[in-house]
2 protein chains.
Amino acid sequence: MKALSKTKAATIYEVARRAGVSIATVSRALRDSSLVTEQTRARVHAAAAELHFTPSRLGRSLAEGRHAANGIVFPDLVGPYYAEVVLGYEETAAELGASVLILTTHGRRDTVAAVRDLAGRVDGMAIISDTVGDDVVAGLDLPLVLVARPPVDGVDTIRTRNERTATELATHLLGHGHRRFVFLGDPQAAPDVAGRYAGLRAGLRTAGLNAPAVPCELRLEAGTAAAHDLLRDPPDALVCANDEVALGVLLAAEQAGLDVPRDLAVTGWDDLLAARFAGLSTVRQPIRELGATAARWLHGRIHERTADPDSRPVAARRRVLPTQLVVRRSCGTHPPEARES
Amino acid sequence: MKALSKTKAATIYEVARRAGVSIATVSRALRDSSLVTEQTRARVHAAAAELHFTPSRLGRSLAEGRHAANGIVFPDLVGPYYAEVVLGYEETAAELGASVLILTTHGRRDTVAAVRDLAGRVDGMAIISDTVGDDVVAGLDLPLVLVARPPVDGVDTIRTRNERTATELATHLLGHGHRRFVFLGDPQAAPDVAGRYAGLRAGLRTAGLNAPAVPCELRLEAGTAAAHDLLRDPPDALVCANDEVALGVLLAAEQAGLDVPRDLAVTGWDDLLAARFAGLSTVRQPIRELGATAARWLHGRIHERTADPDSRPVAARRRVLPTQLVVRRSCGTHPPEARES
DNA sequence: TTGAAAGCGGTACCAT
DNA sequence: ATGGTACCGCTTTCAA
């Protein structure tokens, strides 16, 4: 019969009694306040150590009026994309002394309630992509950073470049001689996708061309399924909303006995690890930096009022991080030196 | 001069005053206690709505003595592996009403302090892989689940099968006629890797063979670098600790002008998306289920004491989830029907 | 330098 | 059914 391992945690009162001082003094000593004698400081630390005392976060947060935690809301974590954003976010948040709470909205029943609940647990939060509507965002009463999502009045927003690079991509594909284009993805579904489609069309317009958009979920299987139909009468180039879709298309093309890029050019977006091995031409984004910047901005927003309550609020920030075309095999035949392995 | 958007949140006291009742009644009404008149219930709800009142999580948690949040500790989120675990974990935790706090230990200075801090913010936590030492685990005074990590006395542990499937893999490779093996990975670095190496050796032993282990980080670049040396005198088969390493090897082999699997067989572990496109033979694990189970167990542990304080603690649980060999091109030439695309 | 006490924002027991 | 009030565990002002 051993003693129970799950013992009740010691409180500041017990430490105080053991050290023979008041709780106020314990608090000061443990926070290295300069108003404590070295002697008492030592006594308190000793008592705390003996009792394995760790201040309760709840008590502390309640008294301080802050959580020392930030939230991040995203659709899911299936592709590497969001994982990378979260990683950059957590890393930077941790450096700045904030824990991170995550919330995925994908298969959730009441997203709005979940987001509101999260808002009650953090000092600020990042909202990625189209996870919650503008009205909800506007109604949240805490520092916010929008990531890869259309701006909302008065809220900081950070994105990666979609349109311009998509236009570049279009130009590149035109250079291969492709004329019949199809965009595979749903511009309605995500702002990023909308931007890519818009950029593609802008690029094609210069050649007097256009491309229909075939809605498609951002998953590999969806890409394969959509391709099965499209490949009966394949276009010259299939521009996919992201790499997962494009990889699905490659699979379907192989099954259909089509050669990429001879019979059909295919491009993606994100530069997943798999894209490299599939020889997929795609677009690379500084995803990690996206998350890191969000965390940094949030930290700034959270502390700016505290630091100087009289300072007028800084105007909402906007930033667009550059993206980069990655040319591989799948978009058309290139002279060897133009290719990247 | 508009009013500040960041207004101070309303408290239960203000709602009480506005509704003309006591805070006790507000609390009851909002939690749908049956001891409140329908009339007052309505009045309170109205007052709460007018003030946009949301109960403070801190106040609530402090009073209830629980966070309604779980933690999860993992090395990083670079590969898809941990992301998938976290995803399964968050999904299930959310269903069970718990928020999720994440903590990555990778580039962190004081891991132990960070883990202890996290412990103070949650009701229970999952610890993945070798992120913290046994002593620290044993010292944590809250419900815990160990994931993909050697058991610690009295703590629940869940893993995926390594040894047995690695032995299967060895047998399969021997069937291809391979005799000279090298294991690429550091058995010291992670318990999963150790298990895979042990299983491989067990399998080779049946043929009177052995395989040296060449330490290597679990990253693609590390695989490429390590392969550059090894490929001067290539073994028959290079068994890699995970897919990222194996993919790095494939890249190196291509650069060296070696054909896989003719000149060299290569295998990985994890079945990343990229593995499929690289034709890499590997092992698939129910990663998501790993995280989901951890969340479920944790929920059970957290609530078992509360539900029935007199119940004797359940013995530490152990579970090993099955894994599955995925045979593709890279391990050797197969008759077509034995292959999986 | 130290202590007493007033919050922080709720929950739930005990009366009425 | 409702109100008063004692916590929950800490920080911080105000006095001494």
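Residues numbered from 1 in each chain as written. Chains lettered and ligands numbered in written order. Predicted model: local features only at pLDDT ≥ 70, side-chain atom pairs only at ≥ 80, totals over all residues.

Looking only at helices and strands, chain A features 13 helices and 12 strands. Its C-alpha atoms give chain A a radius of gyration of 27 Å, clearly above 20 Å, the size a compact globule of 341 residues would have. Taking the principal axes of its C-alpha atoms as reference, chain A extends roughly 85 × 60 × 45 Å. For chain A, with 341 residues in total, the buried portion stands at 48%. A separation of at least 24 residues holds for 67% of the contacts in chain A among residues at least 6 apart in sequence. (Helix = DSSP H or I, 4+ residues; strand = E, 2+ residues; numbered from the N terminus. Rg over C-alpha atoms; globule rule 2.2 N^0.38 Å. Buried ≥ 20, exposed ≤ 12 C-beta atoms within 10 Å, placed from the backbone. Contact = placed C-beta atoms within 7 Å.)

Let us now look at helix α8 (residues 163-175) of chain A. Residue and element names in this part refer to chain A. Taking 1.5 Å of rise per residue, 13 residues should cover 18 Å, and α8 covers 18 Å from first to last C-alpha, within 8% of that figure. Every buried residue belonging to α8 is among Thr165, Ala166, Thr167, Leu169, Ala170, His172 and Leu173, and all of these are buried. Packing partners of the buried residues in α8 comprise α9 (191-205), β8 (237-240), β9 (265-267), β10 (282-284) and β12 (324-326). (Expected span 1.5 Å × (residues − 1).)

With that settled, consider the protein's contact with DNA strand C. Of all residues adjacent to DNA strand C, which total 24 residues, the nearest are B:Ile12, B:Ser27, B:Ser56, B:Gly59 and B:Ala63. Contributions of two or more residues to the surface near DNA strand C are made by α2 (23-30) and α4 (57-64) of chain A together with α2 (23-30) and α4 (57-64) of chain B. The element contributing the most residues to the surface near DNA strand C is α4(B), with five residues. Among the residues forming the surface near DNA strand C, the class breakdown is 13 nonpolar, eight polar and three charged. (Near = placed C-beta within 6 Å. Nonpolar A, V, L, I, M, F, W, Y, C, P; charged D, E, K, R; others polar.)

So, on to the protein's contact with DNA strand D. As a structural note, the neighbourhood of DNA strand D is formed by 25 residues, with A:Ile12, A:Ser56, A:Gly59, A:Ala63 and B:Ala24 the closest of them. At the level of secondary structure, the elements contributing two or more residues to the surface near DNA strand D comprise α2 and α4 of chain A together with α2 and α4 of chain B. Looking at the surface near DNA strand D element by element, the count peaks at five residues for α4(A).

This paragraph deals with the environment of A:His178. Within the element layout of this structure, A:His178 appears in the loop between α8 and β6 (181-184). Residues contacting A:His178, with those up to four places away along its chain left out, are A:Leu173, A:Asp236, A:Ala237, A:Ala265 and A:Gly332.

Turning our attention to the relation of the copies chain B and chain A. With an RMSD of 0.1 Å, chain B superimposes on chain A once it is rotated by 180° and translated 0.1 Å along the axis. In symmetry terms, the pair is related by a two-fold rotation axis. Looking at chain B, 100% of its interface residues are interface residues in chain A too, so the copies touch through the same face. (Least-squares fit on C-alpha atoms with pLDDT ≥ 70 in both.)

When the parts of a complex come together, some accessible area is lost, and that lost area is often taken as the interface size. Residue and element names in this part refer to chain A. When cut into domains, chain A gives domain 1 (12-55), domain 2 (69-159 + 288-310) and domain 3 (163-284 + 324-338). On the domain 3 side, the residues contacting the eight residues of domain 2 number six residues. When grouped by side-chain class, the residues that make up the side of domain 2 that touches domain 3 number four nonpolar, two polar and two charged. (Domains from an automatic or database assignment.)

This part takes up unusual backbone geometry. Note that the residue after A:Val260, namely A:Pro261, is joined by a cis bond; omega there is 10°. Note that A:Pro261 resides in the loop between α11 (243-255) and β9. For A:Asp271, which is not a glycine, the phi torsion comes out positive at approximately 55°. Within the chain, B:Ala68 stands out as a residue other than glycine whose phi angle is a positive 60°. Turning to its location among the elements, B:Ala68 is positioned in the loop between α4 and β1 (69-74).

Each turn of an α-helix holds 3.6 residues, which means side chains three or four residues apart point in the same direction. Restricting attention to buried positions, one finds in α4(B) the residues B:Arg57, B:Leu58 and B:Ser61. Projected down its long axis, α4(B) carries its buried residues within an arc of 95°, all on one side. As for α4(B), its buried residues are in contact with α4 of chain A. Looking one or two residues past α4(B), B:Gly65 carries a phi angle of roughly 75°, positive in sign. (Arc of directions from axis to C-beta.)

It is worth spelling out the sheet that holds strand β2 (residues 99-104) of chain B at this point. Read across the sheet, 12 strands follow the order β11(A)-β5(A)-β4(A)-β3(A)-β1(A)-β2(A)-β2(B)-β1(B)-β3(B)-β4(B)-β5(B)-β11(B) without closing on themselves; strand pairing throughout is mixed. Looking at the sheet topology across the chains shown, the edges are occupied by β11 (318-321) of chain A together with β11 (318-321) of chain B. Shown here is a sheet whose adjacent strand axes are inclined to one another by a mean of 20°, direction ignored. Across four bridges, the pairing between strand β5 (residues 156-160) of chain B and β11(B) is parallel. (Pairing = 2+ DSSP bridges. Axes fitted to C-alpha atoms, helices over the stretch in contact; angles between N-to-C directions.)

Attention shifts here to the sheet that holds strand β6 (residues 181-184) of chain B. All names here are of chain B. The strand order β7-β6-β8-β9 describes an open sheet built from four strands, whose pairing is parallel. Strand pairing shows two members of the sheet lacking a second neighbour, β7 (213-214) and β9 (265-267), which therefore form its edges. With three bridges connecting them, strand β8 (residues 237-240) and β9 associate as parallel partners. For Val239, the partnering residue across the bridge sits in β9 and is Thr267. The strands that helix α10 (residues 220-230) touches are β6, β7 and β8; relative to β6, the one it contacts most, it runs at about 155°.

On to the packing of helix α1 (residues 12-19) of chain A against α2(A). All names here are of chain A. Relative to each other, α1 and α2 sit at 95°, their axes nearing to 8 Å. When the interaxial angle is binned, α1 and α2 end up roughly perpendicular. Two secondary-structure elements touch here, α1 through Ile12, Tyr13, Val15, Ala16 and Ala19 and α2 through Ile23, Val26 and Ser27. (Parallel < 35°, antiparallel > 145°, perpendicular 65-115°, else oblique.)

Looking now at the interface of chain B and chain A. The interface of chain B with chain A comprises 37 residues on the first partner and 39 residues on the second. At the level of secondary structure, the elements contributing two or more residues to the side of chain B that touches chain A comprise α4, α5 (80-95), β2, α6 (111-119) and α12 (273-278) of chain B. If you tally residues by element for the side of chain B that touches chain A, the top one is α5(B), at seven residues. Its residues assigned to classes, the side of chain B that touches chain A comprises 18 nonpolar, 10 polar and nine charged. Across three bridges, the pairing between strand β2 (residues 99-104) of chain A and β2(B) is antiparallel.

Residue and element names in this part refer to chain B. Tracing the backbone through its elements, the reader meets Met125 in strand β3 (residues 124-128). Residues Met125 and Asn70, spaced 55 residues apart in sequence, show a C-alpha to C-alpha distance of 5.4 Å. Not counting chain neighbours up to four residues away, the residues in contact with Met125 comprise Asn70, Gly71, Ile72, Val73, Leu118, Ala119, Leu142 and Leu144.

Moving on: the packing of α4(A) against α4(B). Packing of α4(A) against α4(B) leaves a shortest axis separation of 9 Å and a crossing angle of 145°. Regarding α4(A) and α4(B), the two cross each other, and that crossing is left-handed. Taking contact as the criterion, the partners of A:Leu58, A:Gly59, A:Ser61 and A:Leu62 in α4(A) are, on α4(B), B:Leu58, B:Gly59, B:Ser61 and B:Leu62. In terms of residue class, the contact of α4(A) with α4(B) is made up of four nonpolar, four polar and no charged. (Left-handed = near helix turned anticlockwise from the far one by under 90°.)

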